[in-house]
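Structural overview
Each chain, written out:
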Amino acid sequence: MSSPPPTPPTRPTPGPSVIPASAVVERKGLVSVLSGNELSGSWSLPRHLRVVAVFGGAKLDLRQARFGPDASEVEVFVLCGNVTIIVPPELRVECDVDTLAAGVEFRGMAAQHDAAGGGPTLRVHGTAVASAVEIEVREPGDERPYRPGKQRALKRGARE
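Residues numbered from 1 in each chain as written. Predicted model: local features only at pLDDT ≥ 70, side-chain atom pairs only at ≥ 80, totals over all residues. Heavy atoms only, no water.

Structural notes on a nonpolar patch on the surface
A surface patch of nonpolar side chains, amounting to about 430 Å² of accessible area, comprises V31, V33, L34 and F55. Within the fold, V31 resides in strand β2 (residues 27-33). With relative accessibility at 53%, the residue V31 sits in the exposed group. (Patch = residues over 30% accessible without salt bridge, like charges linked within 9 Å, V, L, I, M, F, W, Y side chains within 5 Å. Areas by Shrake-Rupley, 256 points an atom, 1.4 Å probe, with all protein chains shown as cover. Salt bridge = Lys/Arg side-chain N within 4 Å of Asp/Glu carboxyl O. Helix = DSSP H or I, 4+ residues; strand = E, 2+ residues; numbered from the N terminus. Buried < 20%, exposed > 50% of the residue type's maximum accessible area, 1.4 Å probe, protein only.)

So, in structure tokens, the structure goes:
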């Protein structure tokens, strides 16, 4: 009599890591003036994170970040600088940034909102003046520079 085949190891459910609401810090700030800051790796996103970049830059990599169960806000004020936010594909993202001689780019495909509204949501809002705000959707471990032309060509099976 043969024994049943071994069961494959279970993979963790994809999606943002969620922590209890009681463990989420209410407010934090990140200021870059004539300098740069980066938050990456395993860290907890507060309910409200204010990012200020004046003649500087800030990069937030949220692919390994821990989120509260509800919405988290990233408020940006960017003057002659740039802010890059990298999010995992499973995270819902809302973006409403006012611009003056600036640009806001949302690159990639984030999770869609559903009627139930379950899971964490990232709300990015604020003001950018003569600046750039970029939100990039990337898988964990993907460190390639974003090149939309190359990605489109590869999806069609074309060679470069």
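Still to come is the rest of the account.
Let's talk about the sheet that holds strand β4 (residues 48-54)
Spatially, β2-β4-β7-β11-β9 is the arrangement adopted by the five strands of the open sheet, whose pairing is parallel. A single partner strand is all that each edge strand has here, and the edge strands are β2 and β9 (92-100). Direction aside, the axes of adjacent strands within the sheet are offset by 10° on average. Pairing geometry for β9 and strand β11 (residues 121-129), over nine bridges, is parallel. Each residue of the ladder has a partner; that of D98, found in β11, is T127. (Pairing = 2+ DSSP bridges. Axes fitted to C-alpha atoms, helices over the stretch in contact; angles between N-to-C directions.)

Some remarks on the side chain of R138
Secondary-structure assignment places R138 in the loop between β12 (132-137) and α1 (148-156). By relative accessible area, R138 is classed as buried at 11%. Polar side-chain contacts of R138 include one of 2.9 Å to the side chain of E136. (Polar contact = N/O pair within 3.5 Å; in protein donor to acceptor, adjacent residues only side chain to side chain.)

Quick notes on unusual backbone geometry
At L34, a position not held by glycine, the phi torsion is positive, near 55°. Its location among the elements puts L34 in the loop between β2 and β3 (36-39). On the accessibility criterion, L34 (70% relative accessible area) is exposed. Phi at A130 is positive, roughly 50°, even though this residue is not glycine. Inspection of the secondary structure assignment puts A130 in the loop between β11 and β12.

Regarding the nonpolar core
Ranked by internal contacts, the top residues of the largest apolar core, which has 27 residues, are V51, L62, V74, I85, V87 and L122. With sequence-adjacent residues up to four places away left out, L62 is seen in contact with W43, L45, F67, I85, I86, V87, P88 and L122. (Core = buried A, V, L, I, M, F, W, Y, C linked by side-chain atoms within 4.5 Å. Contact = heavy atoms within 4.5 Å.)

Notes on the environment of G57
Summarising the element assignment, G57 is placed in strand β5 (residues 57-61). Taking the C-alpha atoms as reference, G57 lies 8.1 Å from L34; in sequence the two are 23 residues apart.

Structural notes on the confidence of the model for the chain
Interpretation of the predicted coordinates at a detailed level should be avoided for regions scoring low in pLDDT. On average, the chain scores 83 in pLDDT, and the residues at 70 or more come to 77%. For the chain, α1 is the element with the lowest average pLDDT, namely 45, and β4 is the one with the highest, namely 98. Contacts for the low-pLDDT stretch residues 9-13, under 50 throughout, to residues beyond four places or in other chains number zero contacts. Note that pLDDT drops below 50 for residues 149-160; the model gives that stretch four contacts with residues more than four away or on any other chain. (pLDDT = per-residue confidence, 0-100.)

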